[in-house]
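Residues per chain, in single letters:
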Amino acid sequence: MYLYYVHLRLILVSGKTQDFTFSPNDSATDIAKHVFDHWPAGWEEEQVSSPSILRLIFQGRFLHGNVTLGALKLPPGRTTVMHLVARETLPEPNSHGQRNREKTTESNCCLLL
């Protein structure tokens, strides 16, 4: 199998960015630990106390810890942008879709005469 590297541009809430290179086998947890251990100069104000609270967001979704970059099928040779945020907990996978399925067609509106 041809091994390629994944180029990520991580963006903080403050708008600061930094580029990193990872293996397709690296998981979201591996990335958070690497970034924590190699915290970029210029990001001092955003420094966190533990890698366990760093979360990646890709295409509007939080990446759970065991998701690898290879599973995302990112295009080789291109830089992929992800957001990096500090957050204690994550929503459950597919929780948004589940909420939508639980909605009913019934309305709670009333008519005032």
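Residues numbered from 1 in each chain as written. Predicted model: local features only at pLDDT ≥ 70, side-chain atom pairs only at ≥ 80, totals over all residues. Heavy atoms only, no water.

- The name recorded for the chain in an unreviewed UniProt entry is Ubiquitin-like protein, from Gambusia affinis.
- Among the UniProt annotations of the chain, the heading Subcellular location (unreviewed entry) holds the following wording: "Cell membrane". (UniProt positions renumbered as here; feature names shortened; annotations may be inferred.)

### Thoughts on the pattern of salt bridges
At step 1: Within the structure shown, the criterion is met by three salt bridges.
At step 2: Close ionic contact of Lys 33 with Asp 37 constitutes a salt bridge, the shortest N to O distance being 2.7 Å. Here Lys 33 and its partner Asp 37 are both found in helix H1 (residues 28-37), four residues apart, which amounts to about one turn of the helix. (Salt bridge = Lys/Arg side-chain N within 4 Å of Asp/Glu carboxyl O. Helix = DSSP H or I, 4+ residues; strand = E, 2+ residues; numbered from the N terminus.)

### A closer look at H1
At step 1: Among all positions in H1, only Ala 28, Ile 31, Ala 32 and Val 35 are buried. Take H1 and look down its axis: the buried residues cluster within an arc of 100 degrees, on one side only. (Buried < 20%, exposed > 50% of the residue type's maximum accessible area, 1.4 Å probe, protein only. Arc of directions from axis to C-beta.)

### Notes on the confidence of the model for the chain
At step 1: Summarising the model, the chain shows a mean pLDDT of 84, and 77% of its residues fall at 70 or more.
At step 2: Here helix H2 (residues 95-102) stands out as the element of the chain with the lowest mean pLDDT, 47, in contrast to H1, whose mean of 97 is the highest.
At step 3: Under a pLDDT of 50 for its full length, residues 97-105 has, in the predicted model, zero contacts with residues more than four places off or in other chains. (pLDDT = per-residue confidence, 0-100. Contact = heavy atoms within 4.5 Å.)

### Points about the sheet that holds strand S1 (residues 6-11)
At step 1: The strand order across the open sheet formed by five strands is S2-S1-S5-S3-S4, and the pairing between neighbours is mixed. In the strand order of this sheet, the two ends are held by strand S2 (17-22) and strand S4 (61-62), each with one partner.
At step 2: Where strand S3 (residues 54-58) lies against S4, two bridges are found, and the strand directions are antiparallel. Bridge pairing in S4 links Phe 58 to Arg 61.
At step 3: Lying over the sheet, H1 contacts S1, S2, S3 and strand S5 (79-86), oriented at roughly 125 degrees with respect to S2. (Pairing = 2+ DSSP bridges. Axes fitted to C-alpha atoms, helices over the stretch in contact; angles between N-to-C directions.)

### Notes on the nonpolar core
Nonpolar side chains in soluble globular proteins generally cluster together in the buried interior.
At step 1: One finds Leu 8, Leu 10, Val 35 and Met 82 to be the most contacted residues of the largest nonpolar core, which totals 23 residues.
At step 2: Contact partners of Leu 8, with chain neighbours within four places excluded, come to Gln 18, Asp 19, Phe 20, Phe 22, Ile 31, Leu 69, Leu 74, Thr 79, Thr 80 and Met 82. (Core = buried A, V, L, I, M, F, W, Y, C linked by side-chain atoms within 4.5 Å.)

### Re the pairing of S2
At step 1: Bridge count for S1 against S2 is six bridges, and the pairing is antiparallel. From the neighbouring strand, Leu 10 faces S2, where its bridge partner is Gln 18.

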